[in-house]
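Analysis of the macromolecular model
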Amino acid sequence: KNEVEQSPQNLTAQEGEFITINCSYSVGISALHWLQQHPGGGIVSLFMLSSGKKKHGRLIATINIQEKHSSLHITASHPRDSAVYICAVRSYSGGGADGLTFGKGTHLIIQP
Amino acid sequence: SQTIHQWPATLVQPVGSPLSLECTVEGTSNPNLYWYRQAAGRGLQLLFYSVGIGQISSEVPQNLSASRPQDRQFILSSKKLLLSDSGFYLCAWSVSGGQPQHFGDGTRLSIL
């Protein structure tokens, strides 16, 4: 079973700061997802990646397959970025029908 | 475009009462469907997934069951709720293996 660890668990920063959230996993994967969960609970998929780097607006996600590690970066952070960010992985061996294994999430608060 | 509907948004139920949560998807055919639970302080946990009508796989033993009576309808049920069934329940769908999963807005279930 894949173990997914995220750090930090909680992060409070000032508006404009560069944010980094980390995710590590224990077993080789076929894909990694970064998700955003807003206070109401709804979840939005931000990225799915299996290698390299992806960018969408102020968000950047990177993955290092050899080190089993991924990072989510937010540039020029804004209070509206406040949310829980969740890392999830799809393992080669586990979970039929692409069931994902989730980290516990990083609770990000951006203060104005 | 594809949409996913999940209801109700919040639910308060007494211990021992039955449960039925419904999820429907629009704008796609033969989706993979998922039920997840997010307990307080814990990551999302896959409860059930379905690759087709009447095909349900359970990831963890529990007090809940799932059914898929129609292609785009996924129902989570219980005959008798336990206190430990409290949590945030999310329905999700994906087109095929490895594709991003799209989440509903969730149901916050409180058991009294």
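The coordinates are above.
Just so it is clear, the model here is predicted, and its values are computed rather than measured.

Some thoughts on the environment of B:S17
All names here are of chain B.
- Locating S17 in the fold gives a position in the loop between β2 (10–13) and β3 (19–26).
- For the pair S17 and I111, spaced 94 residues apart in sequence, the C-alpha to C-alpha distance is 9.2 Å.
- Sequence-distant contacts of S17, defined by excluding residues within four places in its chain, comprise K79, K80 and L81.
- A distance of 3.4 Å separates the side chain of S17 from the side chain of Q13, its partner in a polar contact.

Overview of the pairing of strand β11 (residues 106–111) of chain A
Residues and elements named next belong to chain A.
- Alternating residues of β11 divide into T106, L108 and I110, all buried, and H107, I109 and Q111, none buried.
- Sheet topology places strand β9 (residues 83–91) next to β11; three bridges connect them, and they run antiparallel. What sits directly across from A83, in β11, is L108.

Details of the side chain of B:Q73
All names here are of chain B.
- By the element assignment, Q73 lies in strand β8 (residues 73–78).
- A polar contact is formed between the side chain of Q73 and the side chain of E22, at a distance of 2.6 Å.
- With near-sequence residues (within four places) excluded, Q73 lies in contact with E22, C23, T24, L33, S67 and R68.

Notes on the pairing of β8(B)
Residue and element names in this part refer to chain B.
- Among the six residues of β8, five are classified as buried, and the element is accordingly described as predominantly covered.
- The sheet contact formed by β3 and β8 spans six bridges and is antiparallel. Bridged to T24 within β8 is Q73.
- For strand β7 (residues 65–70) and β8, the ladder comprises four bridges, and the chain directions are antiparallel. Bridged to A66 within β8 is L76.
- Turn length for the β7-β8 hairpin, with the two strands adjacent in sequence and antiparallel, is two residues.

About the thresholds
Residues numbered from 1 in each chain as written. Chains lettered and ligands numbered in written order. Predicted model: local features only at pLDDT ≥ 70, side-chain atom pairs only at ≥ 80, totals over all residues. Heavy atoms only, no water. Helix = DSSP H or I, 4+ residues; strand = E, 2+ residues; numbered from the N terminus. Contact = heavy atoms within 4.5 Å. Polar contact = N/O pair within 3.5 Å; in protein donor to acceptor, adjacent residues only side chain to side chain. Buried < 20%, exposed > 50% of the residue type's maximum accessible area, 1.4 Å probe, protein only. Pairing = 2+ DSSP bridges.

Shape descriptors only; they carry no functional weight alone.
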